[in-house]
Amino acid sequence: MDNKYMAKALELAKKGIGNTSPNPLVGAVIVKDHKIIGEGYHQVYGGPHAEVNAFRNAKEAVEGATMYVTLEPCSHYGKTPPCANAIVEKKIARVVIGMKDPNPLVAGNGIRILEENGIEVVCGVLEEECKKINEIFIKYITTKTPFVIMKTAMTLDGKIAAYTGDSKWITGEDSRKYVHEIRNNLTGIMVGIGTVLKDNPMLTTRIDGGKNPIRIIVDSKCRIPLDAKVLDIDDNSRCIISTTDNADSEKIEQLKDKGAIVITTPAKNGRVDLSYLMKQLGEMKIDSILLEGGSELNYSALEEGIVDKVLCFIAPKIVGGDNAKTPVGGQGKALVNDAIKVSNITINTFNDDVLIEGYIQKEV
């Protein structure tokens with residue numbers, strides 16, 4: 001039964017996708033006499049937590065009931081009071097938890113409060129599923145740097161464009177629609193200056209009622225044109241230009257006048273120091289980034305170890321061409337044995353396109 005009700009809590013938690021950043025996704029279910037009497041989830045950053053919403057939605061008195069919650073109840077004062085205290089006050093008899101909170105401010109304290117007040121606690125029910133939906137939160141809260149997803153789209157023979165540079169469109173409409181859903185769910189989207197100069201993209205989310213990710217342009221020499229579409233900036237379309245200390249100071253001021261935020265990193269082999277950039281973005285509460293870079297930026301991101309997850313769309317097309325670009329360029333590895341490895345693979349299809357999803361194996 002515990003698995004059944006935790007699965008329901010997970011369904012509820014997913015309703016908050018795209019709205020709780022940089023806080024976690026959490027769902028809660030209250031069960032009494034083998035029936036659900038209350039449900040709730042964390043709906044929006046700064047709003048009531050899942051447990052509080054479940055109490056508010058309860059159809060009858062919750063005293064003596066069991067609460068199922070995907071993440072350990074918080075024990076500290078943040079935007080809202082501690083949920084662990086609320087559970088004690090409501091006289092819940094048993095709490096089933098999906099996973100412990102990796103936040104150092106909680107880290108077992110919520111469980112301790114419950115147990116010290118005589119509440120039975122069971123932890124680790126559907127734990128892997130609970131960790132999966134909060135992979136962004138876990139990375140961000142423990143490292144203060146964003147969770148980075150590298151998305152690529154290529155032909156069956158591994159090309160991201162024809163030798164002429166034409167790339168419209170590699171994948172089909174359903175694949176592109178899914179990518180816009182991902183954009184809507186993440187905090188930032190990052191491309192290199194080459195993509196801006198070639199395609200002049202808007203990097204917005206084409207979803208009714210959706211939100212646009214913060215646009216992050218990696219541009220070591222500030223070559224971005226002042227009339228680039230990404231510099232159409234308003235409250236719903238922010239833009240960050242990441243450059244180096246080699247960039248022209250006058251151009252930097254012009255970009256700031258356009259409303260862009262400029263982050264200057266030390267030059268690393270003449271390029272933006274991506275690890276340094278991630279720390280700066282983390283301080284700005286950017287917890288997740290969709291990397292839609294060209295082949296050079298993709299390789300740099302992989303080499304610097306900032307990529308956590310890979311989404312690779314493969315279209316059933318063959319383009320050919322010695323000079324047609326591939327998803328990852330750069331110098332590359334000298335030996336196949338040194339290849340960057342991807343694990344925990346899942347495969348999905350979008351009509352004729354195939355999506356391979358996996359996680360970068362990190363060196364310990």
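Owing to the predicted nature of the structure, the values given are computational and were not obtained by experimental measurement.

(A) Region of interest: helix 4 (residues 109-116). Within the span of helix 4, buried status applies to Gly110, Ile111, Ile113 and Leu114. The arc that holds the buried residues of helix 4, viewed along the axis, is 160 degrees, so those residues lie on one side. Elements that come into contact with the buried residues of helix 4 comprise helix 3 (83-89), strand 4 (94-99) and strand 5 (120-123). In the segment just after helix 4, Gly118 is the residue with positive phi, at about 80 degrees.

(B) Here's a closer look at unusual backbone geometry. That bond from Ser21 to Pro22 is cis: its omega, 0 degrees, falls within 30 degrees of zero. A cis geometry characterises the amide bond from Lys168 onward to Trp169, with omega recorded as -15 degrees. Following the sequence through the fold, Trp169 ends up in the loop between strand 6 (147-155) and helix 7 (173-185). Not every positive phi belongs to a glycine, and Leu203 is a case in point at roughly 60 degrees. Positionally, Leu203 belongs in the loop between helix 8 (193-199) and strand 8 (214-218). Look at Leu203 and you get buried, because its relative accessible area is 4%. Backbone geometry at Lys285 places phi at a positive 65 degrees, although glycine is not the residue there. By the secondary structure assignment, Lys285 is in the loop between helix 10 (274-283) and strand 13 (288-291).

(C) Structural detail: the pattern of salt bridges. Under the definition given, this model contains 18 salt bridges. Of the charged contacts in the structure, one is a salt bridge between Lys268 and Glu304, with a shortest N-O distance of 3.5 Å. Pair noted here: Lys268 is in strand 11 (residues 267-268) and Glu304 is in the loop between helix 11 (295-303) and strand 14 (309-315), with a separation of 36 residues, a long-range link. Judged by its relative accessible area of 35%, Lys268 falls in the partly exposed class. Residue class for Glu304 comes out partly exposed when judged on its relative accessible area of 23%. Each of Lys132, Glu135, Lys309 and Glu357 takes part in one network of salt bridges that share partners.

(D) Summary view of the UniProt feature "binding site: Zn(2+)" (unreviewed entry) in the chain. Per the UniProt entry, the sites bearing "binding site: Zn(2+)" (unreviewed entry) are His49, Cys74 and Cys83 in this numbering. These annotated residues cover 35 residues of sequence, but their C-alpha atoms sit close together, with the largest distance between any two at 9.1 Å. Relative to the helices and strands, Cys74 resides in the loop between strand 3 (66-71) and helix 3. With near-sequence residues (within four places) excluded, Cys74 lies in contact with His49, Pro81, Pro82, Cys83, Ala84 and Val106.

(E) Structural view of the sheet that holds strand 8. Strand order across the open sheet formed by nine strands is 10-9-8-7-13-6-14-16-15, with mixed pairing between neighbours. Sheet topology places strand 10 (261-265) and strand 15 (342-350) at the edges, where each strand pairs with a single neighbour. With direction set aside, neighbouring strand axes in the sheet form an average angle of 20 degrees. Pairing geometry for strand 6 and strand 13, over four bridges, is parallel.

(F) Expanded view of the UniProt feature "active site" (unreviewed entry) in the chain. Under the feature "active site" (unreviewed entry), the UniProt entry names Glu51. Here Glu51 shows up in helix 2 (residues 50-56). The exposure class of Glu51 is buried, given its relative accessible area of 3%. Apart from residues no more than four positions distant in its own chain, Glu51 is found in contact with Ala28, Met67, Val69, Leu71, Pro73, Cys83 and Ile87.

(G) Just the layout of surface pockets, in detail. Each pocket or cavity is described by its volume, and for the second largest pocket that value is around 640 Å³. As for the second largest pocket, its lining consists of 29 residues, and the residues nearest its centre are Ile17, Ile133, Glu135, Ile136 and Asn185. For the lining of the second largest pocket, the element with the highest residue contribution is helix 7, accounting for four residues. Its residues assigned to classes, the lining of the second largest pocket comprises 11 nonpolar, 11 polar and seven charged.

(H) Region of interest: the pairing of strand 1 (residues 27-32). Among the six residues in strand 1, six count as buried, and that is most of the element. The alternating pattern of strand 1 places Gly27, Val29 and Val31 and Ala28, Ile30 and Lys32 on opposite faces, both of which are buried. Pairing between strand 1 and strand 2 (residues 35-41): six bridges, direction antiparallel. Residue pairing across strands places Lys32 opposite Lys35, the latter belonging to strand 2. Where strand 1 hands over to strand 2, the hairpin turn is made up of two residues, of which Asp33 adopts a positive phi near 55 degrees.

(I) Focus on the nonpolar core. Ranked by size, the top nonpolar core spans 42 residues in total, and within it Met6, Ile30, Phe55, Ile87, Ile92 and Val95 carry the most contacts. Counting residues per element, this core draws most heavily on helix 1 (residues 2-14), at six residues. Setting aside residues up to four positions removed in sequence, Met6 forms contacts with Tyr68, Val69, Thr70, Val96, Ile97, Gly98, Val125, Leu126 and Cys130. Ranked by size, the runner-up nonpolar core spans 32 residues in total, among them Val191, Val230, Leu255 and Leu311.

(J) Local environment of the environment of Cys222. Topologically, Cys222 is positioned in the loop between strand 8 and strand 9 (239-244). A residue is classified by how much of its surface remains accessible, and Cys222, at 3% relative accessible area, is buried. Sequence separation between Cys222 and Met154 is 68 residues; the distance between their C-alpha atoms is 28 Å. With near-sequence residues (within four places) excluded, Cys222 lies in contact with Thr243, Ala247, Lys251, Ile252 and Leu255.

Scoring rules and cut-offs
- Residues numbered from 1 in each chain as written.
- Predicted model: local features only at pLDDT ≥ 70, side-chain atom pairs only at ≥ 80, totals over all residues.
- Heavy atoms only, no water.
- Buried < 20%, exposed > 50% of the residue type's maximum accessible area, 1.4 Å probe, protein only.
- Helix = DSSP H or I, 4+ residues; strand = E, 2+ residues; numbered from the N terminus.
- Arc of directions from axis to C-beta.
- Contact = heavy atoms within 4.5 Å.
- Salt bridge = Lys/Arg side-chain N within 4 Å of Asp/Glu carboxyl O.
- UniProt positions renumbered as here; feature names shortened; annotations may be inferred.
- Pairing = 2+ DSSP bridges.
- Axes fitted to C-alpha atoms, helices over the stretch in contact; angles between N-to-C directions.
- 1 Å grid on protein atoms, 1.4 Å probe; cavity = no way out; pocket = protein on both sides within 12 Å on 5 of 7 lines; lining within 4 Å.
- Points joined across faces, edges and corners; volume = space filled by probe spheres on them.
- Nonpolar A, V, L, I, M, F, W, Y, C, P; charged D, E, K, R; others polar.
- Core = buried A, V, L, I, M, F, W, Y, C linked by side-chain atoms within 4.5 Å.

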